[in-house]
Amino acid sequence: MNKIAILLMTVSLCISCGKKESSDNDFSKPEATETTSSDPSSYDPKRGEGKFDKVDLAATLDQAMATEGQKVADVKCTSCHKVTDEKLVGPGWNGVTSRHQPEWIMNFITNPDPMITKDPKLQAQLEICLVRMPNQGLNDTEARNILEYMRKIDGVK
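Residues numbered from 1 in each chain as written. Predicted model: local features only at pLDDT ≥ 70, side-chain atom pairs only at ≥ 80, totals over all residues. Heavy atoms only, no water.

Draft legend 1. Geometry of the pattern of salt bridges. The final tally for this structure, using the stated rule, is 9 salt bridges. One salt bridge in this structure joins Lys54 and Asp56, with 3.8 Å as the shortest N-O distance. Here Lys54 matches Asp56 in class, with each residue exposed. The salt bridge partner of Lys71 is Glu68, with a shortest N-O separation of 3.1 Å. Residue Lys71 and its partner Glu68 are both found in helix H2 (residues 63-76); the two are separated by 3 residues, about one turn of the helix. Its relative accessible area of 37% is what places Glu68 among the partly exposed residues. Each of the salt bridges in this network shares a partner with another, and the network as a whole consists of Arg144, Glu148 and Arg151. (Salt bridge = Lys/Arg side-chain N within 4 Å of Asp/Glu carboxyl O. Buried < 20%, exposed > 50% of the residue type's maximum accessible area, 1.4 Å probe, protein only. Helix = DSSP H or I, 4+ residues; strand = E, 2+ residues; numbered from the N terminus.)

See the structure below:
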């Protein structure tokens, strides 16, 4: 009798362990956040989506900010982006400040997920690069310094 009980327990354990539950988790897509709006018609392609409405840039480059921006970029950005126009994982940075407004750049590097979801140019870029830009958790100062570094790459003196 004990052998039958052990056999039945073994069979039931095998059946229950082999059962797979379906999962709706798709880890290739970011989770929705409070900043993500479902209405793409409210998206401003010149400003992007985020807290930066106006970024004041000086006519000349702030060398100290650019240097700090390069340090941050070396740690968090250059594994995917080159400073030329050549694509690595993501697009190269050369010319980015002439293609986009400073507000757009600041909003994108601090808030990439909602912008990728809504911006047609970013969606087209995603089809080329095949990898979503991860949110690097940059604070406002780091993001502003990276913007200044991007200006330096683009030849602002």
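Continuing now.
Draft legend 2. Local environment of the environment of Val83. In this structure, Val83 sits in the loop between H2 and helix H3 (96-99). Exposure remark for Val83: the relative accessible area of 36% places this residue in the partly exposed category. Taking the C-alpha atoms as reference points, Val83 and Gly95, separated by 12 residues in sequence, lie 9.3 Å from one another.

Draft legend 3. Spatial organisation of the environment of Lys71. For Lys71, a relative accessible area of 48% translates into the label partly exposed. As a C-alpha pair, Lys71 and Ile146 span 75 residues in sequence and 8.7 Å in three-dimensional space.

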